[in-house]
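Observations on the model geometry
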Amino acid sequence: VGNYPTIQLIAQAAHHLTGSAQMVQQTGNEFELFIKAEDQYFNTAKTYQDTVEVRDENNRLIVQNVKLTDGLARVKVRIDTAGTHRLRFNAKDLSGRSEPIRVFDKMPAHRIFFGDMHGHTRISDGCGTPDEYYSFGRDEANLDVCALTDHWHYDWELMQRMAVKYYQPGRFVTFLAEEDGTKPDHINLYHRTCDAPCISRHSTKIEQFIKTVENDYLSKGYDVIGGPHHFAFDRGEKIY
């Protein structure tokens, strides 16, 4: 789709530490904790190199001498008490804490996951590449799930390949997805498998869009779900 200009983002000096893990964990079980140094604008401070100690909110030591490389670290930890925890990070000149981690004695039937379910690259009207989109979501944002929802389908085969490439069950789930129809707002489609074709036509009316989805996917055995481009948008229509 043409040669795009590139911008190199250079973070300022590290300002604080942050971190996260899959939000629902079980007491006594090891899990992976992600730690990151950020500048004051929340960019990854990739020049930061230091060691970090991790403590709970009662100041009990969880792990020490965690080495940050390029501003990032992953370490196995465990929490032995049920409840909601925010772990504390301390380095020589920085501090911070994790996002909430909910720990249960018995794992609940349903868990909470975090993801980015709507993004664009230069395949359509965004910037960057699918590799950059997925690798950032996995390696720097530490998300559980990502879906790239480019539209216009300039390179559907590339989107299929990237969804397969980055899919890691239990660690990082990707969905083949696309944005399409209708006016005045669009709808995102999320496919269960990565062999689904892109939608065959652009629809301006919700009724047309639903019929196209039925013809392209449901009638051919492809599982797909749809969600509004903006969930708070008032379409002025009722769908039953």
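Provided above is the structure to which this section pertains.
Residues numbered from 1 in each chain as written. Predicted model: local features only at pLDDT ≥ 70, side-chain atom pairs only at ≥ 80, totals over all residues. Heavy atoms only, no water.

1. Observations regarding the packing of aromatic side chains
- Evaluation of the coordinates by the stated rule reveals 3 aromatic pairs.
- Pairing Tyr134 with Tyr166 gives two aromatic rings, centres 5.4 Å apart and planes at 25 degrees, and the pair type is stacked. Note that Tyr134 is positioned in helix H1 (residues 130-139) and Tyr166 in the loop between helix H2 (156-165) and strand S13 (173-180), a separation of 32 residues in sequence.
- Relative accessible area serves as the criterion here: at 6%, Tyr166 is assigned to the buried category.
- Ring geometry for Tyr217 and Tyr222: centres 6.3 Å apart, planes at 85 degrees, overall edge-to-face. (Phe/Tyr/Trp six-rings, centres within 6.5 Å; stacked < 30°, edge-to-face > 60°. Helix = DSSP H or I, 4+ residues; strand = E, 2+ residues; numbered from the N terminus. Buried < 20%, exposed > 50% of the residue type's maximum accessible area, 1.4 Å probe, protein only.)

2. Focus: the side chain of Asn142
- Considering the arrangement of structural elements, one finds Asn142 in the loop between H1 and strand S12 (145-148).
- Side-chain polar atoms of Asn142 contact the side chain of Ser20, separated by 2.8 Å.
- A polar contact of 2.9 Å, which involves the side chain of Asn142, links it to the side chain of Arg74.
- Other than its neighbours up to four places away in sequence, Asn142 contacts Ser20, Ala21, Phe34, Arg74, Gly137 and Arg171. (Polar contact = N/O pair within 3.5 Å; in protein donor to acceptor, adjacent residues only side chain to side chain. Contact = heavy atoms within 4.5 Å.)

3. Re H1
- The set of residues buried in H1 consists of Pro130, Tyr133, Tyr134 and Gly137. End-on, the buried residues of H1 take up no more than an arc of 85 degrees, which puts them together on one face.
- In this structure, the buried side of H1 is in contact with strand S11 (115-116), S12, H2 and S13. (Arc of directions from axis to C-beta.)

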